[in-house]
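Residue-level structural notes
In case you want the letters, here they are:
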Amino acid sequence: MHLWGTDFRRSSGDIRKQLCLPVEVRKQKLEELLAMGFKDIVYLWTCNRVEFYTTAEEYFSDTRPLWIKALKVMGLSEDAYYHGYHFEGKSALRHLMRVASSLESLMVGEPQILGQLKDAVQFVRENGLPLDGILERSFHLAFETAKKVRTDTKIAERPVSVATLGLHELQHLECEYP
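Quick look at the structure, then. This is a predicted model, so every value here is computed, not measured. (Residues numbered from 1 in each chain as written. Predicted model: local features only at pLDDT ≥ 70, side-chain atom pairs only at ≥ 80, totals over all residues. Heavy atoms only, no water.)

**Focus: helix α5 (residues 112-126)**
This is how it is decided: In this description a helix means any DSSP run of H or I spanning at least four residues, a strand means any run of E spanning at least two, and both kinds are numbered starting from the N terminus. Residue count minus one, scaled by 1.5 Å, sets the expected span of a helix. Here, two residues are considered to be in contact whenever any of their heavy atoms come within 4.5 Å of each other.
Between its terminal C-alpha atoms α5 stretches 21 Å, which fits the 21 Å expected from 15 residues at 1.5 Å a residue. Those residues of α5 that are buried are in contact with α2 (23-35), β2 (42-45), β3 (49-54), α4 (90-100) and α6 (133-152). Directly after α5, the chain includes Gly128, whose backbone phi takes a positive value near 65 degrees.

**Some points on the sheet that holds strand β4 (residues 85-88)**
Stated formally: Two strands qualify as a pair provided DSSP detects at least 2 bridges between them. All axes here are fitted lines through C-alpha atoms, helices being fitted over the stretch that makes contact, and every angle between N-to-C directions spans 0 to 180 degrees.
Strand order in this open sheet of four strands is β2-β3-β1-β4, and the pairing throughout is antiparallel. Looking at which strands have only one partner, the edges of the open sheet turn out to be β2 and β4. Adjacent strand axes in the sheet meet at a mean angle of 15 degrees when their direction is disregarded. As judged from the six bridges shared by strand β1 (residues 2-7) and β3, these two strands associate in the antiparallel manner. Looking across to β3, one finds that Gly5 is bridged to Glu51. Contacts between helix α3 (residues 64-73) and the sheet are confined to β1, β3 and β4, with β1 contributing the most and set at about 45 degrees to the helix. Contacts from α5 reach β2 and β3, with the element oriented near 145 degrees to β2.

**Some remarks on α2**
Formally: With a 1.4 Å probe rolled over the protein chains alone, any residue whose accessible area is under 20% of its type maximum counts as buried; one over 50% counts as exposed, and the rest are partly exposed. Taken from the helix axis, the directions to the C-beta atoms give the arc we talk about.
Taking 1.5 Å as the rise per residue, α2 with 13 residues should run 18 Å; its terminal C-alpha atoms sit 19 Å apart, in good agreement. Every buried residue belonging to α2 is among Arg26, Leu30, Leu33 and Leu34, and all of these are buried. With its buried residues spanning 100 degrees around the axis, α2 presents them on a single face. Projecting away from the buried face of α2 at angles above 90 degrees are the exposed residues Glu24 and Ala35. Tucked inside the fold, the buried residues of α2 contact β2, β3, α3 and α5. Gly37 occupies a position one or two residues after α2 and carries a positive phi of about 135 degrees.

**A word on the environment of Arg64**
Structurally, Arg64 can be placed in helix α3. Judged by its relative accessible area of 36%, Arg64 falls in the partly exposed class. C-alpha of Arg64 to C-alpha of His86: the two residues are 22 residues apart in sequence and 8.0 Å apart in space. Leave out the neighbours within four places in its chain, and Arg64 touches Tyr81, Tyr82 and His86.

**Things to note about the packing of aromatic side chains**
To be explicit about the condition: Aromatic contacts are taken between Phe, Tyr and Trp rings whose centres are within 6.5 Å, Trp giving its six-membered ring; a plane angle under 30 degrees counts as stacked, one over 60 as edge-to-face, and the others as tilted.
Throughout the structure, instances matching the rule amount to seven aromatic pairs. Residues Tyr53 and Phe139 carry aromatic rings whose centres are separated by 5.2 Å and whose planes lie at 75 degrees to one another, so their mutual orientation is edge-to-face. A residue pair is termed long-range when its members are at least 10 positions apart, and Tyr53 in strand β3 and Phe139 in helix α6 qualify at 86 residues. Taking the centre distance of 6.1 Å and the plane angle of 55 degrees together, the rings of Phe139 and Phe143 count as tilted. Of this pair, Phe139 and Phe143 both sit in helix α6, four residues apart, roughly one helical turn.

So, in structure tokens, the structure goes:
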């Protein structure tokens, strides 16, 4: 498994916005990326993260040139590659599990990311795009791990999101300035 992604820590909102594939053109764009040489691809987009997951023919395949080419097709320069991260093998799987468990989120413990990952895999299935068994099993393992993290730890005890923090701040300001 290989992945390239970027998040709120590594890139501007403008870069992440350019990587947005609206649902009405997503299938077509993913098919274009597949035609470039990707074996399969799962695309995750949130307001704070964009990630592309794929598998390669061989574990030690250098997929960097393919990622750079993909970024150029999406209207970004080669430099955009270095505003992200590229993981392969165990590191990619570990990252996926951390993302699914919301340990890589802007608000650690927020529950939405797991649903967004499930939606990303479902999109691939529903649109007849290729999904290698290894990649599919990796996502299932990540989903199981996230469920275990939420069940066995206190991470879900007080769910937090950017929206809830904003609401709390508004309530606090309302009390200060009647």
